[in-house]
Amino acid sequence: MSRTKKKVTTIINTDEVPEQVRKFATATSNIKKIEAEIELEKQAIIKRFENSLAKLNEMRDEAFENLQHWAEANPDNFSKQKSMDFPNGKIGFRMGTPKVDKSKKLTWEGVVDQLKTIAPEFIRSKEEVNKELVIAMWEKDEVSEKLAQAGIDVKQDETFFVVAKEEDLVTA
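Residues numbered from 1 in each chain as written. Predicted model: local features only at pLDDT ≥ 70, side-chain atom pairs only at ≥ 80, totals over all residues. Heavy atoms only, no water.

A. Representation of the overall build of the protein in the model. Along its length, the protein carries four helices and two strands. Starting at the N terminus and walking to the C terminus, you meet the elements of the protein as α-β-β-α-α-α. Taken over C-alpha atoms, the radius of gyration comes to 31 Å for the protein, far larger than the 16 Å a tight globule of 172 residues would show. The C-alpha extent of the protein, read off along each of the three principal axes, is 80 × 65 × 30 Å. (Helix = DSSP H or I, 4+ residues; strand = E, 2+ residues; numbered from the N terminus. Rg over C-alpha atoms; globule rule 2.2 N^0.38 Å.)

Here you go:
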């Protein structure tokens, strides 16, 4: 894509606004037409290659399953190193990211209760501002005063928009 510098312009009078909206709508309409054509061509390309891709994916999945089955059946080959190099690739085992799991006999609540007595350093509690409640109640005078005392201000940005009408454009 080529880069273009954005021109800073100013509409001098209100009479120019309809023309600018027309330009915006025309460009939007043409963009949508081109994007639709691109999507149709992408679908045609996908359709053309889908059988070949399906066969190759099936071949790759089968080879992966065969290699995994062999590796799991021959753990001695991986006792010194966790991987083996071959001319066309490498196979091996990787350690996953550690994750915490619980006994099937317990619920997480039960685990928390146990840890509170055994090892409370593994229990965390987090205090934070309830922003949803602040937003829900900020317009009430007594609440807004308290929020201001606490140093909280609720901001609501206003953004400019232009919406092109979807109907066919009439040339002016």
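B. Highlighting the pattern of salt bridges. The full count for this structure, using the stated rule, is four salt bridges. The salt bridge partner of glutamate 19 is arginine 22, with a shortest N-O separation of 2.8 Å. Of this pair, glutamate 19 and arginine 22 are both found in helix α1 (residues 17-73), three residues apart, which corresponds to roughly one turn of the helix. Judged by relative accessible area, arginine 22 falls into the partly exposed class, the value being 29%. One salt bridge in this structure joins glutamate 39 and lysine 42, with 3.6 Å as the shortest N-O distance. Of the two residues, glutamate 39 and lysine 42 both sit in helix α1, three residues apart, roughly one turn of that helix. Note on glutamate 39: relative accessible area 36%, which makes it partly exposed. We classify lysine 42 as partly exposed; its relative accessible area is 44%. (Salt bridge = Lys/Arg side-chain N within 4 Å of Asp/Glu carboxyl O. Buried < 20%, exposed > 50% of the residue type's maximum accessible area, 1.4 Å probe, protein only.)

C. Representation of the pairing of strand β2 (residues 89-92) within the structure. Relative to β2, strand β1 (residues 83-86) runs antiparallel, the two sharing four bridges. Its bridge partner lying in β2, phenylalanine 86 is registered against glycine 89. The turn joining β1 and β2, which pair antiparallel and follow one another in sequence, is formed by two residues. (Pairing = 2+ DSSP bridges.)

D. Focus on a negative patch on the surface. A cluster of acidic side chains, namely Glu58, Asp61, Glu62 and Glu65, defines a negative patch on the protein surface. Judged by its relative accessible area of 54%, glutamate 65 falls in the exposed class. (Patch = residues over 30% accessible without salt bridge, like charges linked within 9 Å, V, L, I, M, F, W, Y side chains within 5 Å. Areas by Shrake-Rupley, 256 points an atom, 1.4 Å probe, with all protein chains shown as cover. Lys, Arg positive; Asp, Glu negative; His and termini not counted. Charge placed at Lys NZ, Arg CZ, Asp CG, Glu CD.)

E. Region of interest: the confidence of the model for the protein. Summary statistics for the protein give a mean pLDDT of 88 and a share of 93% for residues scoring 70 or more. Taken element by element, the protein is modelled with least confidence in helix α4 (residues 141-149), mean pLDDT 86, and with most confidence in α1, mean pLDDT 95. (pLDDT = per-residue confidence, 0-100.)

F. The arrangement of a nonpolar patch on the surface in detail. Among the surface-exposed residues, Ile11, Val17 and Val21 lie close enough to one another that they form a single nonpolar patch of about 210 Å² accessible area. As for its placement among the helices and strands, isoleucine 11 is situated in the segment before α1.

G. Local environment of the environment of alanine 25. Following the sequence through the fold, alanine 25 ends up in helix α1. With 142 residues separating them along the chain, alanine 25 and glutamate 167 place their C-alpha atoms 9.6 Å apart.

H. Main features of the packing of aromatic side chains. Using the criterion set out here, one finds two aromatic pairs in the structure. Look at tryptophan 70 and phenylalanine 78: their rings are 6.2 Å apart centre to centre, the planes differ by 70°, and that puts the pair in the edge-to-face class. Tryptophan 70 gets classed as partly exposed once you look at its relative accessible area, which sits at 34%. With a centroid separation of 5.1 Å and an interplanar angle of 85°, the aromatic rings of phenylalanine 78 and phenylalanine 93 are classed as edge-to-face. In this pair, phenylalanine 78 is assigned in the loop between α1 and β1 and phenylalanine 93 in the loop between β2 and α2 (108-118), connecting sequence segments 15 residues apart. Judged by its relative accessible area of 6%, phenylalanine 78 falls in the buried class. Ring pairs connect the aromatic residues Trp70, Phe78 and Phe93, which therefore count as one cluster. (Phe/Tyr/Trp six-rings, centres within 6.5 Å; stacked < 30°, edge-to-face > 60°.)

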